[in-house]
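Structural characterization, general
The lines below spell out each chain.
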Amino acid sequence: MDDLDPELLDLARSARTVTVLSGAGMSAESGVPTFRDAGTGLWARWSPEELATPEAWEADPELVWSWYLWRARQLRRLRPNAGHRAIARWAERARVQVVTQNVDDLHERAGSEVLAHLHGSLFAFRCSACGTPFPEALVPGLSPEHPVDLAEPTRERPPVCPACGGAVRPSVVWFGELLPEGALERGADAVAEADLVLVVGTSGLVQPAASLPLVAAGRGIPVVEVNPEDTALTPHADWAVRARSAEALPRLLP
Ligand code: BV8
Ligand code: ZN
């Protein structure tokens with residue numbers, strides 16, 4: 001990784017109110033497959049965009065439920081990385097608002113508060129019929145001590161809603177579904193009030209999350225992108241740090 005521009009380092013050190021917009025690349029170095037490569041093993045036959053949809057759920061709830069349960073169980077065995085920890089430490093020096101597209105809990109487990117999970121959470125569940133929340137503790141095989149063979153995910157039936165008998169689903173946002181009430185607005189407000197916006201590990205392909213960095217660009221708020229690759233957001237960034245987040249963030253952030 002190249003040396004960071006001293007002007008960028010000053011910007012990061014002097015920022016008082018920072019908004020972090022994170023995507024799947026933030027968790028990649030913790031071992032969480034991004035959407036592009038989540039289709040491994042049993043899932044190789046499907047693209048995540050096919051599975052993360054209401055249509056896939058209607059067609060085969062067991063398949064979709066098994067995929068999410070496998071991902072949640074995998075997360076239970078993974079850890080936040082140095083990038084997550086650098087963002088959590090930054091909050092000791094500045095007001096840091098984290099807005100993530102990720103459905104994992106790695107920011108929280110590193111010590112950050114998350115202002116908005118734009119696409120929901122792998123660890124929240126509700127009835128797909130009546131919407132009644134379903135406690136995580138009742139989801140089979142999610143507790144860390146549950147011996148699960150992640151290499152060979154199995155097909156499992158979703159739990160049954162005690163209130164109406166409906167099938168329980170993960171409270172993630174599927175393609176074609178609306179974001180959680182108020183999440184996008186909180187994200188846009190956090191960007192508009194920031195004196196620095198850090199966009200980490202997102203290809204900027206999924207709307208409306210990808211529109212958030214543009215709220216900054218429109219206000220002359222500096223946008224820093226941390227990503228090994230160019231993305232759809234690069235043209236809207238003032239700085240592009242072409243590096244992995246777990247490598248760059250500990251060097252960029254105070
Ligand atoms: C909605 C939860 C209103 C589920 C997810 C046509 C044009 C424009 C928009 C649309 C369209 N057709 C449909 C739409 C709307 C659609 C959309 O945007 N589609 C896209 C694909 C075109 N959006 C929606 O449906 C949203 N809802 O719009 O509601 C509405 C209602 C009805 C009808 C129409 C509209 C809901 C979208 C939410 C979908 N759910 N996740 C789950 O997790 O299973 S999105 C999911 O994919 C992830 O959350 C992630 O955000 C996104 C992309 O996944 P990845 O590619 O893995 O991640 P990312 O994009 O972040 O890329 C990884 C990046 O990391 C890369 O750039 C890589 O270089 C970088 N990287 C890799 N390693 C590292 C790294 N960076 C740093 N360090 C590293 N080590
Ligand atoms: Zn129900």
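Residues numbered from 1 in each chain as written. Chains lettered and ligands numbered in written order. Predicted model: local features only at pLDDT ≥ 70, side-chain atom pairs only at ≥ 80, totals over all residues. Heavy atoms only, no water.

Just so we agree on the cut-off: UniProt positions are given in the numbering used here, feature names are shortened, and annotations may be inferred rather than shown by experiment.
You'll find the protein chain entered in an unreviewed UniProt entry as NAD-dependent protein deacylase, with Kocuria turfanensis given as the organism. Here the protein chain is described in UniProt, under the heading Subcellular location (unreviewed entry), as follows: "Cytoplasm". Taken from UniProt, the Sequence similarities (unreviewed entry) comment for the protein chain reads in full: "Belongs to the sirtuin family. Class III subfamily."

1. A look at the coordination of the zinc ion (ligand 2)
Operational definition: Here the term donor refers to an N, O or S atom within 2.8 Å of the metal (or 3.2 Å for Na, K and Ca), and because water is left out of the atoms, sites may appear incomplete. Key to geometry: four donors with every angle between 85 and 135 degrees are tetrahedral; four donors are square planar and six octahedral where opposite donors lie over 155 degrees apart and all remaining angles lie between 65 and 115; all other sites are irregular. Secondary structure elements are defined from DSSP: runs of H or I of at least 4 residues count as helices, runs of E of at least 2 residues count as strands, and each element is numbered from the N terminus.
Coordination of the zinc ion (ligand 2) by the protein involves Cys 127 (SG), Cys 130 (SG), Cys 161 (SG) and Cys 164 (SG), with metal-donor separations of 2.2 to 2.3 Å. Geometry at the zinc ion (ligand 2) is tetrahedral, judged from its four donor atoms and the angles of 101 to 118 degrees they form at the metal. Read in sequence order, the donor residues coordinating the zinc ion (ligand 2) give the pattern C-x2-C-x30-C-x2-C. Highlighted residues: Cys 127 in strand β4 (residues 120–127) and Cys 164 in the loop between β5 (133–134) and β6 (168–172), separated in sequence by 37 residues.

2. Considerations on the site of ligand 1
The line we're drawing: Note on definitions. A residue lies near a molecule or strand when any single heavy atom of the residue is within 4 Å of it. Here a polar contact means two N or O atoms within 3.5 Å. Within protein one must be a hydrogen donor candidate and the other an acceptor candidate, and residues neighboring in sequence count only if both atoms are side-chain atoms. Working definition of accessibility: Shrake-Rupley area with a 1.4 Å probe, residue cover restricted to the visible protein chains. Residues are grouped as follows: Ala, Val, Leu, Ile, Met, Phe, Trp, Tyr, Cys and Pro are nonpolar; Asp, Glu, Lys and Arg are charged; all remaining types, including Gly, are polar.
Taken together, 34 residues form the shell around ligand 1, and within it Phe 35, Tyr 68, Gly 176, Glu 177 and Ser 203 come nearest. Note that a nitrogen atom of ligand 1 is positioned 2.8 Å from one of the side-chain N or O atoms of Glu 29. One of the backbone N or O atoms of Gly 201 is found 3.2 Å from an oxygen atom in ligand 1. For ligand 1, the protein covers 73% of the area, taking 1,500 Å² as the surface of the free molecule. Elements supplying a minimum of two residues to the shell around ligand 1: α2 (25–28) and α5 (61–76). No other element matches the three residues that α5 contributes to the shell around ligand 1. Residues belonging to the shell around ligand 1 are distributed by class as follows: 15 nonpolar, 13 polar and six charged.

3. Observations concerning helix α8 (residues 183–192)
Basically, it comes down to this: Exposure categories follow from relative accessible area, calculated using a 1.4 Å probe and restricted to protein chains: below 20% of the type maximum is buried, above 50% is exposed, and the middle band is partly exposed. Note that the arc is defined by the directions from the helix axis to the C-beta atoms. Here a residue-residue contact requires only that any non-hydrogen atoms of the pair lie within 4.5 Å.
Within α8, burial applies to Ala 183, Gly 187, Ala 190 and Val 191. One face of α8 carries all of its buried residues, which in axial projection span an arc of 100 degrees. Against the buried residues of α8 lie β1 (17–22), β2 (95–100), β3 (114–117), β7 (196–200) and α9 (212–217).

4. Notes on the confidence of the model for the protein chain
Filter applied, for reference: Values of pLDDT, which run from 0 to 100, indicate the predictor's confidence residue by residue.
Confidence in the prediction for the protein chain averages 92 pLDDT; 92% of positions are at 70 or higher. Interface confidence for the predicted complex, given as ipTM, is 0.93, next to a pTM of 0.95.

5. Here we look at unusual backbone geometry
Apart from glycine, the bulk of residues carry a negative phi angle, and the bulk of peptide bonds sit in the trans form. The omega torsion of the bond from Gln 207 to Pro 208 falls at 0 degrees, within 30 degrees of zero and hence cis. Looking at the element boundaries, Pro 208 is found in the loop between β7 and α9.

6. Thoughts on the environment of Asp 3
Mapping Asp 3 onto the fold places it in the segment before α1 (6–14). The exposed category is assigned to Asp 3, whose relative accessible area is 68%. Remark: the alpha-carbon pair of Asp 3 and Ala 183, spanning 180 residues in sequence, is separated by 35 Å.

7. As for the UniProt feature "active site" (unreviewed entry) in the protein chain
Mapped onto this numbering, the UniProt entry gives "active site" (unreviewed entry) at His 119. Relative to the elements of secondary structure, His 119 occurs in the loop between β3 and β4. Setting aside its immediate chain neighbours within four residues, His 119 contacts Thr 100, Gln 101, Val 103, Val 172, Val 173, Leu 179, Val 206 and Ala 209.

8. Considerations on the environment of Ser 211
On the secondary structure map, Ser 211 appears in the loop between β7 and α9. Once the C-alpha coordinates of Ser 211 and Pro 170 are considered, the two residues, 41 residues apart in sequence, prove to be 25 Å apart. A distance of 2.5 Å separates a polar atom in the side chain of Ser 211 from the backbone oxygen of Pro 208.

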